[in-house]
Amino acid sequence: MAFDNTGRNTRRNFLKAVGAGGVAATAGCLSFGDSGGGSGTITLGQPAAQTGDWDFLQPGVSQATDVAVQQINDAGGPLDREIEVQRRDTAVNPQEARSVVTQLVENDDALALMGLFSSEINPLFDFLQEQQTPVVTPWPGSGYLDTRGGDMGTPDNIDDDQWVWRTVIGDTVHTAGGARRALDEGNDTLGVINGNSEGARSWADGFVAAYEEGGGTVAQRVEVSLGQSSYQSALDRLFGSEFSAFAVSIPLEDATTLLSDWSDGGYGRQPILSDPLAQNDLASQVGGDLDGAWAASPGQAGPSFDSFVETYEQGGDAELNGWTPPAWDAMHVTALAIERAGEATPEAIQQNLGPVSRDGGTEVTTFAEGKEALANGEEISYQGAATPTNFTNFGNVFGPVAINVAGGGEFSQEEVIPAEDIRGLVPEDEY
Amino acid sequence: MSVRERLFGDGERSGGSAERAFLVGGVCLLVAALLVFTPLAVTVPGSSFVFIEVGTLFVIYGLLVLGLDLQYGYTGLVNFGHVVFFAVGAYTVAMLSAEGSFAGVALGLPWLLALPVGVVAAAVLGAIVGTTSLRLRDDFLAIVTLATAEIFHTLFVNFRGVFGGNVGILGVPQPIADLAADSDTAQIATLVLFGGVTIIALGFMTRLTGSPYGRVLRAIRADELVTRSVGKSTFSYKMQAFVYGAALAGFAGGLFALYNGAVAPGFFTIQVTVTIWIGMLLGGASNHRAVLGGLAIIMGLRLLSRFALEVTPVSADAFASIRLIAVGLILVLVIRYRPAGIWGDERELGVDS
Amino acid sequence: MGLAQNVIFGLVTGSYIAIAAIGFTLIYGIVNMINFAYGEYLTMGAFIGILTVGVLPLPLPLAAVVAMVGGGLISLLLARLFFTPINQTGPVPMLLTSIGLGLVLRNGIRLTAGQSARYFDTEAITFRFDGLPPLSVGSVDLLGGFFVTSEQLIVMGCAVGVFLLVHTLLTRTDVGIAMRAMGDNENLARVRGIDTQRIRDSVWVLAGVLAALAGVLLGIQTNVSAGTGFSQILQILSAAILGGAGSPYGAIAGSYVIGLVLALSTAFLPAGMTGISSAIAFLILIGVLLVKPSGLAGQEVREA
């Protein structure tokens, strides 16, 4: 091979190129920003799913975050400073998330993190505690966080805090709304089919637990892996049992395959969908057989949902999903926490997330209203787009659950189960 | 030939480099011990944390790449499921030592007991895979190891009662973090300790492959038939190289579990295998320091490319894809233009056959 | 649970895999490499198909043909750019190059096409056969009623058509005979005056065409996104190796074994274990390699 003659030369050039590239990268790209304590821009970090299995959900969350930042900055910004969001890809991989979190906190000087999924938070929980930086995330539904996170109801004392807050309703809670409706409709026996990803499984677990608690029986539960070209044999197995309705919890793309298979197979019976599936795409792809299928969706009936949608649609054309309004809420509640604290530090945000969200004080739906009320010396309670955003002691939220029913190729809202009813389904000290 | 003879019988090829590695590694362990067991504390600037973080992962992956190089670089075994031994070591240690995990088995035994069991578990799995597959052709071994890794990944995800499903095993003890004065010190101590372990492993590997034993391995890679014809049982040599590599990966997994405090399937994806393979080829297989260098380059590039986000004119969404495209292109270009790696020797590897 | 119904599901799944696995195994046999980027070939085919349907607009069957032509050309282009220059370096560097190429293609597609899934607009007609008498053995019903949809029939029909065409190509045409000769012994083939580079190019084109067809069919059944083909690569690879790498006939057999195992294990594994059906396919692969390393078809087919 010609390589042997020129090997030495090639190698030296190669090393030179690598070296030069390395130096250029180091010189040009390493920025160790100033500390967030003083004046200037306030940086918030957003670990994001720009690649990986869940990347199709990120555009909506990014857009909601960006329009929220825009609106907050237009209203003067917290402490009259601009907010900037540094978004970095974790691919929903805990290993990647670990170094992204470190980089956001230490190098970008992010004062709070506006992201992270269950599958990243759970195995990194101890690590996140060490960061002493609040995580205000729209993503995780996992039951693991039901009794972990928040400020334990003592905002001033940060020693007992667990730094993780979620603006999305936990699976155990909103699935209780769905289970209640399933029972109310007279379904004594159910089938359940779910994917084996954490999100899909956690929904199914919550739903089954609440349904059985309410006196229902699960006749058959089938777990499937994601990304299959057909789910026919899993359906055949599921429908080998007797039941009147069946619950489906699997990511959207696989759900489209699965429910198309269901429609082709003519299995019939009432489908109950997990909340991420209330998407018009699904209804139009599966067609008329899906008419009457319903999903209990949290996070789309908060007090300021309508005005959120209006602002959101001006910011781009990313499809709205179940995590989009919570992302808006996360940004607002964080900005208000900074405003109330009077200083921009992770500890200050952590100590003020509870006070600006919980009941009592002037109800505000935008940052501008909140800023004004705080300037007048009032306490405030942020009313979000997804939920009223009243953080529990464990940093969780309750909210109304909307029942969306498929019909004519799209989903429309049929009824709303009020937040108080949902709250009644879960013991106080377990969420 | 006993292990002792293998390691200390004949060091002509390794020269003084193995001794130097033992010395440096030993000093690292001492420094780490000092940081862990005394109230001594160090402070580092926050902006360097991400480098310490990735550096710690690098030295853990360093153990993987050293084992992989013993298998591929020296013996010619194409192991495409190396991550499974890493995972089995980590899960074994985690399940034995964890207390109060959210899901899965957590026995709460002392971690000092769990760590060796993790190594043994990985070695046993290595022996099973080896016994069944080492007689297969090279590329079939690649498939069997790849399939083994996929099977275990599926088991970890699906058997929640045992492995904790996607959540994994939480509540694993973190001895260094518990003993050290503060979290800065713990970070540094972890890096120095694991770094020392990896350097000592490098020393052992240098000894092992510099000995007559190592020469047999090279001979197997060059031409298995000839090696067999001079009366060497090539199967048992291949088996040993495979099991050593697996055990080292299991050890790395155990260290990882005790450092991270939790294990989950997301830490043990095929991505890990791909990273260490790229590192090994980039540096140059069958050269211990070269494979570590290659790994450092690929992990460093990935890290630095994240800093490049600020100076590139594209959106963050596009940037995430572009980064991965760049990693793919680097792999393609290195294989095309530096098939023996940056520091490798083409004749040694016989890549220009 | 009806056995007949699950066998049909298995045959359908096997058909998708088989169409792709033939291309994969031909590359393996003749170019002597495991092409890990092959899943992305499926994805590109599916995208060409959906673009043709959406932009031009052509009816679906014609769009599939356009996709196959496009897939063949892209495959040849990629081979010329990435694989032909390193043909002599051996299987491992080529495998690694294909892993790198896969990363580039997958993310390149994501970059240009975005992250959301697209769907072919199709309607399926379902044919039912409910009159069959049950033939029960324990809880398993060997016959039972079953159904089959028009989409499933099209997939199986395409697969049979592909098998016949590939068989004709390999046994009746000069190129095909030369392919088989090269798969058996490349040096001998070269001595006999076969232009090995031209044959390799033909294999790349054929593999690209088959991948694109499989991609379009898969896109019709599921969806079209950057990960469409990648999610299938391990099954395609298993099927090809299972059948005896390099043998198209073995790949067909291997594909149906995998398809049937996936369907039957989902149907009959104990409750709570249905999620591991893909692992069962790998276990069978390892099992076959241990008992008969040459794969199901082994040498006989190659020597035919």
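Naming follows an unreviewed UniProt entry, where chain C appears as Branched-chain amino acid ABC transporter permease of Halomarina rubra. Under the heading Sequence similarities (unreviewed entry), UniProt records this for chain C: "Belongs to the binding-protein-dependent transport system permease family. LivHM subfamily." You can read under Subcellular location (unreviewed entry) in the UniProt record for chain C the words "Cell membrane".

Chain A is annotated in an unreviewed UniProt entry as ABC transporter substrate-binding protein of Halomarina rubra.

A. Broad picture of the overall build of chain C. Helix and strand counts for chain C stand at 12 helices and four strands. The buried share of chain C, reckoned over its 304 residues, is 58%.

B. Region of interest: the overall build of chain A. Per the secondary structure count, chain A includes 15 helices and 13 strands. The C-alpha radius of gyration computed for chain A amounts to 24 Å, which stays within 12% of the reference 22 Å derived for 431 residues, consistent with globular compactness. Projected onto its principal axes, the C-alpha positions of chain A cover 80 × 70 × 40 Å. Expressed as a percentage of its 431 residues, the buried residues of chain A come to 63%. Here the contacts in chain A between residues at least 6 apart in sequence split such that 73% fall between residues at least 24 apart.

C. Quick peek at the interface of chain C and chain A. Across the boundary between the two partners, chain C contributes 30 residues, which contact 25 residues of chain A. Counting only elements with at least two residues in the side of chain C that touches chain A, the list comes to α1 (3-31), β4 (146-149), α8 (196-221) and α10 (248-268) of chain C. If one sorts the elements of the side of chain C that touches chain A by residue count, α1(C) sits on top with six residues. Residue classes in the side of chain C that touches chain A are distributed as 12 nonpolar, 18 polar and no charged.

D. Region of the structure containing the nonpolar core. By size, the foremost hydrophobic cluster in this structure holds 364 residues, and its most contacted members are C:Ala20 and C:Leu210. Leave out the neighbours within four places in its chain, and C:Ala20 touches C:Leu42, C:Leu210, C:Ala211, C:Ala214, C:Gln232 and C:Ile236.

E. Structural view of the confidence of the model for chain C. Residue and element names in this part refer to chain C. Here chain C averages 87 in pLDDT, and 92% of its residues register 70 or above. Here residues 299-304 is a poorly scored stretch, pLDDT under 50, and it has nine contacts once near neighbours within four places are set aside; other chains count. Scored as a complex, the prediction yields pTM 0.87 and ipTM 0.87.

F. Looking closely at unusual backbone geometry. Residue and element names in this part refer to chain A. Unlike most non-glycine residues, Ala91 shows phi in positive territory, near 55°. Even without glycine at this site, Trp163 takes up a positive phi of about 65°. By secondary structure assignment, the location of Trp163 is in the loop between β3 (135-137) and β4 (164-166).

G. How the structure looks around the UniProt feature "domain: Leucine-binding protein" (unreviewed entry) in chain A. In the UniProt entry, the feature "domain: Leucine-binding protein" (unreviewed entry) is given for residues 41-353 of chain A. Taken end to end, residues 41-353 of chain A is 43% helix and 16% strand, and its first and last C-alpha atoms sit 20 Å apart.

H. Quick look at the UniProt feature "transmembrane region" (unreviewed entry) in chain C. All names here are of chain C. Within the UniProt annotation, "transmembrane region" (unreviewed entry) is assigned to residues 6-31, 38-56, 62-83, 153-170, 202-221, 233-264 and 271-291. Secondary structure content for residues 62-83 is 100% helix and 0% strand, while the C-alpha to C-alpha distance between its ends is 30 Å. The straight-line gap between the two end C-alpha atoms of residues 153-170 is 25 Å; of that span, 100% is helix and 0% is strand.

I. Main features of the domain arrangement of chain A. Looking at chain A, the domain boundaries give domain 1 (42-169 + 302-382) and domain 2 (171-298 + 401-430). Here domain 1 of chain A and domain 2 of chain A have C-alpha centroids that lie 29 Å from each other.

J. Broad picture of the packing of helix α3 (residues 60-83) of chain C against helix α4 (residues 91-113) of chain C. All names here are of chain C. Look at α3 against α4: their axes get within 11 Å of each other, and the N-to-C directions meet at 120°. Put simply, α3 runs oblique to α4. Classified by chirality, the crossing of α4 by α3 is right-handed. Only Met94, Thr97 and Leu101 of α4 make contact with α3, whose side of the interface consists of Leu78, Phe82 and Phe83. Looking at the contact of α3 with α4, its residues break down into five nonpolar, one polar and no charged.

K. Summary view of the sheet that holds strand β5 (residues 189-195) of chain A. All names here are of chain A. With respect to topology, seven strands assemble into an open sheet ordered β6-β5-β7-β8-β9-β12-β13, the strand pairing being mixed. Of all the strands in the sheet, the pair left with one neighbour each is β6 (217-224) and β13 (410-417). Adjacent strand axes in the sheet meet at a mean angle of 25° when their direction is disregarded. The pairing of β5 with strand β7 (residues 245-249) spans five bridges and is classified as parallel. By the bridge assignment, Ile193 is partnered in β7 with Val248.

L. Structural view of the environment of B:Leu303. Secondary-structure assignment places B:Leu303 in helix α14 (residues 288-307). Residues B:Leu303 and B:Leu141, spaced 162 residues apart in sequence, show a C-alpha to C-alpha distance of 32 Å.

M. Molecular detail of the pairing of strand β1 (residues 42-48) of chain A. Residue and element names in this part refer to chain A. For β1, the tally of buried residues reaches seven of seven residues, placing the bulk of the element in the interior. Sheet analysis places β1 next to strand β2 (residues 83-89), joined by seven bridges and oriented parallel. Counted as the bridge partner of Ala48 is Asp89 from β2. For the crossover that starts at β1, traverses helix α2 (residues 58-74) and ends in the parallel β2, the hand is right-handed.

N. View of the environment of A:Gly322. Residues and elements named next belong to chain A. Relative to the elements of secondary structure, Gly322 occurs in the loop between α11 (305-314) and α12 (324-341). By C-beta crowding, Gly322 is classed as buried, having 26 other C-beta atoms within 10 Å. Considering only alpha carbons, one finds Gly322 and Val397, 75 residues apart in sequence, at a separation of 14 Å. Those residues in contact with Gly322 that sit more than four places away from it in its chain are Asp275, Pro276, Ser297 and Gly299.

O. Expanded view of the pairing of strand β12 (residues 401-407) of chain A. Residues and elements named next belong to chain A. Counting buried positions along β12 yields five of seven residues, so the element is predominantly enclosed. Taken together, the five bridges between strand β9 (residues 294-298) and β12 define a ladder with antiparallel strand orientation. For Ala295, the partnering residue across the bridge sits in β12 and is Asn404. Pairing analysis gives seven bridges linking β12 to β13, with the strands arranged antiparallel. Each bridged residue has a counterpart across the sheet, and for Val405 the counterpart in β13 is Ser412. The turn joining β12 and β13, which pair antiparallel and follow one another in sequence, is formed by two residues; a positive phi near 60° is taken by Gly408.

P. Structural detail: helix α5 (residues 111-133) of chain B. The end-to-end C-alpha distance of α5(B), which contains 23 residues, comes to 32 Å, matching closely the 33 Å that a straight helix rising 1.5 Å per residue would cover. All of the buried residues along α5(B) are B:Ala114, B:Leu115, B:Gly118, B:Val119, B:Ala121, B:Ala122, B:Ala123, B:Leu125, B:Gly126, B:Val129, B:Gly130 and B:Ser133.

Q. Molecular detail of the environment of C:Ile199. Residue and element names in this part refer to chain C. Relative to the helices and strands, Ile199 resides in helix α8. Sequence spacing of Ile199 and Val175 is 24 residues, and the spatial spacing of their C-alpha atoms is 6.7 Å. Contact partners of Ile199, with chain neighbours within four places excluded, come to Ile30, Val175, Ala178, Met179, Met182 and Ile194.

R. Looking closely at the confidence of the model for chain A. All names here are of chain A. Summarising the model, chain A shows a mean pLDDT of 87, and 91% of its residues fall at 70 or more. In the model of chain A, helix α1 (residues 3-29) stands out as the element of lowest mean pLDDT, 39, in contrast to β3, which has the highest, 97. Note that residues 1-37 has pLDDT below 50 and, in this model, 34 contacts with residues that lie over four places away or in other chains.

Criteria and thresholds
- Residues numbered from 1 in each chain as written.
- Chains lettered and ligands numbered in written order.
- Predicted model: local features only at pLDDT ≥ 70, side-chain atom pairs only at ≥ 80, totals over all residues.
- UniProt positions renumbered as here; feature names shortened; annotations may be inferred.
- Helix = DSSP H or I, 4+ residues; strand = E, 2+ residues; numbered from the N terminus.
- Buried ≥ 20, exposed ≤ 12 C-beta atoms within 10 Å, placed from the backbone.
- Rg over C-alpha atoms; globule rule 2.2 N^0.38 Å.
- Contact = placed C-beta atoms within 7 Å.
- Nonpolar A, V, L, I, M, F, W, Y, C, P; charged D, E, K, R; others polar.
- Core = buried A, V, L, I, M, F, W, Y, C linked by C-beta atoms within 7 Å.
- pLDDT = per-residue confidence, 0-100.
- Domains from an automatic or database assignment.
- Axes fitted to C-alpha atoms, helices over the stretch in contact; angles between N-to-C directions.
- Parallel < 35°, antiparallel > 145°, perpendicular 65-115°, else oblique.
- Left-handed = near helix turned anticlockwise from the far one by under 90°.
- Pairing = 2+ DSSP bridges.
- Right-handed = clockwise from strand over helix to strand, strands pointing away.
- Expected span 1.5 Å × (residues − 1).

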